[in-house]
Amino acid sequence: MMSRLPTALVVLLLVGPLLAGLAGTLLPAFGYLPALGGQELSLRPFRDLFATPGIFRSIGLSLGTGLAATALSLAMTMLFVASWMGTPAFKLVRRLLSPLLAVPHAAAAFGLAFLIAPSGFLVRLMSPWATGFDRPPDLLILNDPFGMAMTVGLIMKEVPFLFLMTLAVLPQTDSFRKMKVTATLGYGRTAGFLKACLPEVYSRIRLPVLAVLVYSTSVVDMAQILGPTTPAPLAPRIMGWMGDPDPAIRFQASAAALLQLALSGLALLIWFLLERIVNGLGHGASGRRHRHDRPFNLSVLAGMSIVVGGMVAGILLLPIWSVTKSWWFPDSLPAAFTTKLWTGLGAVAGAPLLTTMAIGIPASLIAGVLVLWHLEANTRARGVSSAEKAAFDGFVFLPLLIPQVSFLFGLQVLFARLHLDGTMFAVGLGHLIFVLPYVYLSLKDPWNELDPRFAKIASSLGSSANRIFFKVRLPLLLRPLLVAFAVGLAVSVGQYLPTLMIGAGRVVTITTESLALSSGSNRPLIALYGTLQLLVPLIGFSVAAAIPALLFRNRTAMKVIR
């Protein structure tokens, strides 16, 4: 019974707020919320919603950009793995992409905006000698009506995530040996991987891919920075309606939140249909080996280089802009620098920074303790079936498979009824819902791959189960534990909607503040907040690397092999 307690607690922690939030959104969507004057059920919120100008274009934008970003991110990741796995280029990209996973979406969007805007770094580099521009061109690159800039931003952020998920499953699928077998049969690298490895690899990363799809169809922070505005995609419009003081608009916002849920569900159905189509195409046997795929592989490498290079360049622009005093177009570099914002950091961003840390550190610690408790209980129980483990994995992914905007409004209403809205406790709980899945993903594989003979030897020497946990497993897993904590902190730093909605505007973090500044024109200040969003996760990962290196400096087997 006690072995099931941590599992039940984690499931309750994840599913309880989801159900409460969805219920709190459902009733106002049908006009019932006595606190706002809605005393009876009605379809009027939906009639008002579908009568809103541009609503169907907003739906189309969310659906189209979400599907395109997910499909292109997955295709680029799989083709790169197929073409370059095991090569020096693959190892280089792996080293560059791993840190990019910790970059919050808003910071990545700011970096991309500084890079590709009409007055951005790329146009400055080409002006005036190549373009003839002596002032920023009148081109709608950011906030374009088709959402192309937003799609590019999503691809640059999701490719590192899918790539690292793929790296985690490659050893489990025996892909390296299968590639050697297909090579002996005369297949090219890409064709061999697609035929022999892709089906199993994809089945193991399917849940992360679906999470990317749901996120891409309901993204708010990136859409506010890079997305269209006339009209905006559905999720940012919902956020605008939720902040409206008119109660009728709040009911309409709840109806739109349910529509967002249906839209993301439709995207999943379309994706499942595409899976069946691709699976059917894969059954054809033409006999072609595609041996001469070198030009194709080089084009894939070029595409991945653009993604990595664009992301890195955008990130580097953030600290440069944060110390810029004057940078006139078309100069390629700033004319003057200043450290005014950084020397006055306490006054400018001290409070949001402390709030970010005060929420992120406890949320990551609690998530780590819960995940460790669950894994240790499962190890001691020894009777947990693979079906139960798969079901638990599904529950853990649930918060990532439901659009945030669809249940956070209900959660906001619930916390308001409990008089907890706008408190650090409520916001921290909201962050924990999204931090816990990533901490679990970071710890699950290292825990399962830990050699069980260590515990058996300790047990044969008379150690108790608790002593084995504290004296054997925790020290051996110190590095992944610290990495999981750093991942949790990075996820917490990037949370925009939970902070904004549950915090009711009274809890301000560096992410919510940076989004509030995005509509202004103070680039150095925006860059300062974007840089802080990078620095907090970077400090977390640096600590995660430094502590094991210091503690295990005299233990060769505990060092990372590069």
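This structure is a prediction, so every number in the text was calculated from the model and none was measured.

1. Re the overall build of the protein chain
Right, so step 1: In terms of helices and strands, the protein chain carries 26 helices and four strands.
Right, so step 2: Scaling as 2.2 N^0.38, a compact globule of 562 residues should have a C-alpha radius of gyration of about 24 Å, and the protein chain matches this with 25 Å.
Right, so step 3: With respect to the principal axes defined by its C-alpha atoms, the protein chain has extents near 70 × 65 × 55 Å.
Right, so step 4: The proportion of buried residues among the 562 residues of the protein chain is 52%.
Right, so step 5: At a minimum sequence separation of 6, the contacts of the protein chain that also span at least 24 residues come to 81%.
Right, so step 6: Accessible surface, the protein chain: about 26,100 Å² in total, of which carbon and sulfur atoms supply 67%.
Right, so step 7: Charge separation in the protein chain, taken as the distance between the mean sites of 43 positive and 22 negative side-chain charges, equals 12 Å.

2. Here's the deal with helix 25 (residues 510-517)
Right, so step 1: All buried positions along helix 25 are accounted for by Ile 510, Thr 511, Thr 512, Ser 514 and Leu 515.
Right, so step 2: Check the buried side of helix 25 and you find it contacts helix 5 (105-116), helix 12 (221-226), helix 17 (345-381), helix 23 (478-493), helix 24 (497-502) and helix 26 (523-551).

3. Points about the packing of helix 17 against helix 26
Between two packed helices, what matters for the description is the angle formed by their axes and the separation of those axes.
Right, so step 1: For the pair helix 17 and helix 26, the least separation of the axes is 11 Å and the interaxial angle reads 35°. Between helix 17 and helix 26 lies a crossing of right-handed hand. In this structure, helix 17 contributes Leu 345, Val 348, Ala 349, Pro 352, Leu 353 and Met 357 to the contact, and helix 26 contributes Leu 525, Leu 528, Tyr 529, Leu 532 and Val 536.
Right, so step 2: Per-class residue counts for the contact of helix 17 with helix 26 are 11 nonpolar, no polar and no charged.

4. Digging into the packing of aromatic side chains
Right, so step 1: Enumeration over the complete set of coordinates arrives at 13 aromatic pairs.
Right, so step 2: Considering the side-chain rings of Phe 50 and Phe 56, the 5.9 Å spacing of their centres and the 25° angle between planes classify their relative orientation as stacked.
Right, so step 3: According to the relative accessible area criterion, Phe 50 is partly exposed, its value standing at 36%.
Right, so step 4: A residue is classified by how much of its surface remains accessible, and Phe 56, at 57% relative accessible area, is exposed.
Right, so step 5: Ring centres of Trp 447 and Phe 469 lie 6.4 Å apart, and the angle between their planes is 45°; on these two criteria the pair is classed as tilted. In this pair, Trp 447 sits in helix 20 (residues 424-449) while Phe 469 sits in helix 22 (residues 465-476), placing the two residues 22 residues apart along the sequence. The same class applies to Trp 447 as to Phe 469, namely buried.
Right, so step 6: The rings of Phe 114, Phe 121, Trp 321 and Trp 327 are connected pair by pair, giving a single aromatic cluster.

5. Brief notes about the environment of His 290
Right, so step 1: Here His 290 lies in the loop between helix 14 (247-282) and helix 15 (294-322).
Right, so step 2: Given a relative accessible area of 42%, His 290 falls into the partly exposed group.
Right, so step 3: Between the C-alpha atoms of His 290 and Tyr 187, which are 103 residues apart in sequence, the distance is 6.1 Å.
Right, so step 4: Those residues in contact with His 290, other than ones at most four positions away along the chain, are Gly 188 and Ala 191.

6. Looking at the nonpolar core
Right, so step 1: Grouped together as the largest cluster of nonpolar side chains are 146 residues, with contacts concentrated most on Phe 80, Phe 193 and Leu 226.
Right, so step 2: Tallying contributions element by element places helix 7 (residues 148-169) first for this core, with 13 residues.
Right, so step 3: Sequence-distant contacts of Phe 80, that is, excluding residues within four places in its chain, are made with Met 85, Ala 89, Phe 90, Val 93, Phe 163, Val 300, Leu 301 and Met 304.
Right, so step 4: The next biggest cluster of nonpolar side chains, apart from the first, holds 12 residues, and it includes Leu 341, Leu 345, Leu 353 and Leu 525.

7. Brief notes about the pattern of salt bridges
When the charged atoms of two side chains lie near each other, side chains of opposite charge can form a pair.
Right, so step 1: Under the defined criterion, the tally for this structure stands at 11 salt bridges.
Right, so step 2: One salt bridge in this structure joins Arg 206 and Glu 275, with 2.8 Å as the shortest N-O distance. Linking Arg 206 in helix 11 (residues 206-217) with Glu 275 in helix 14, this pair joins segments that are 69 residues apart in sequence.
Right, so step 3: Across the pair Arg 453 and Asp 451 runs a salt bridge, and its minimum N-O distance is 2.6 Å.
Right, so step 4: By relative accessible area, Asp 451 is classed as partly exposed at 25%.
Right, so step 5: Several salt bridges converge on common partners, so that one network encompasses Lys 178, Glu 200 and Arg 204.

8. Brief notes about empty space enclosed by the protein
Right, so step 1: Considering all chains together, one arrives at two cavities of 30 Å³ or more under this definition.
Right, so step 2: Within this model, the largest cavity holds a volume of roughly 50 Å³.
Right, so step 3: Around the largest cavity sit Ala 108, Ala 109, Gly 111, Leu 112, Gly 153, Met 156, Met 222, Gly 310, Met 311, Gly 314 and Ile 315, which together line it.
Right, so step 4: Among the secondary structure elements, those contributing two or more residues to the lining of the largest cavity are helix 5, helix 7 and helix 15.

9. Description of the confidence of the model for the protein chain
Right, so step 1: In this model, the protein chain carries a mean pLDDT of 89, and residues with pLDDT of at least 70 account for 97%.
Right, so step 2: Looking across the protein chain, the model is least confident in strand 2 (residues 38-39), with a mean pLDDT of 80, and most confident in helix 3 (residues 55-84), with 95.

10. Remarks on helix 20
Right, so step 1: Over its 26 residues, helix 20 extends 37 Å from the first C-alpha to the last, a length consistent with the 38 Å expected when each residue adds 1.5 Å.
Right, so step 2: Remark: the principal bend of helix 20, roughly 35°, maps to Phe 434, with a proline, Pro 437, within the next four residues.

11. Some points on a nonpolar patch on the surface
Right, so step 1: A surface patch of nonpolar side chains, amounting to about 490 Å² of accessible area, comprises Leu 535, Leu 538, Ile 539, Val 543, Ile 547 and Leu 551.
Right, so step 2: You can see Leu 538 is positioned in helix 26.

The rules behind each value
- Residues numbered from 1 in each chain as written.
- Predicted model: local features only at pLDDT ≥ 70, side-chain atom pairs only at ≥ 80, totals over all residues.
- Heavy atoms only, no water.
- Helix = DSSP H or I, 4+ residues; strand = E, 2+ residues; numbered from the N terminus.
- Rg over C-alpha atoms; globule rule 2.2 N^0.38 Å.
- Buried < 20%, exposed > 50% of the residue type's maximum accessible area, 1.4 Å probe, protein only.
- Contact = heavy atoms within 4.5 Å.
- Areas by Shrake-Rupley, 256 points an atom, 1.4 Å probe, with all protein chains shown as cover.
- Lys, Arg positive; Asp, Glu negative; His and termini not counted.
- Charge placed at Lys NZ, Arg CZ, Asp CG, Glu CD.
- Axes fitted to C-alpha atoms, helices over the stretch in contact; angles between N-to-C directions.
- Left-handed = near helix turned anticlockwise from the far one by under 90°.
- Nonpolar A, V, L, I, M, F, W, Y, C, P; charged D, E, K, R; others polar.
- Phe/Tyr/Trp six-rings, centres within 6.5 Å; stacked < 30°, edge-to-face > 60°.
- Core = buried A, V, L, I, M, F, W, Y, C linked by side-chain atoms within 4.5 Å.
- Salt bridge = Lys/Arg side-chain N within 4 Å of Asp/Glu carboxyl O.
- 1 Å grid on protein atoms, 1.4 Å probe; cavity = no way out; pocket = protein on both sides within 12 Å on 5 of 7 lines; lining within 4 Å.
- Points joined across faces, edges and corners; volume = space filled by probe spheres on them.
- pLDDT = per-residue confidence, 0-100.
- Expected span 1.5 Å × (residues − 1).
- Bend = angle between axes of the 7 residues up to and from the residue.
- Patch = residues over 30% accessible without salt bridge, like charges linked within 9 Å, V, L, I, M, F, W, Y side chains within 5 Å.

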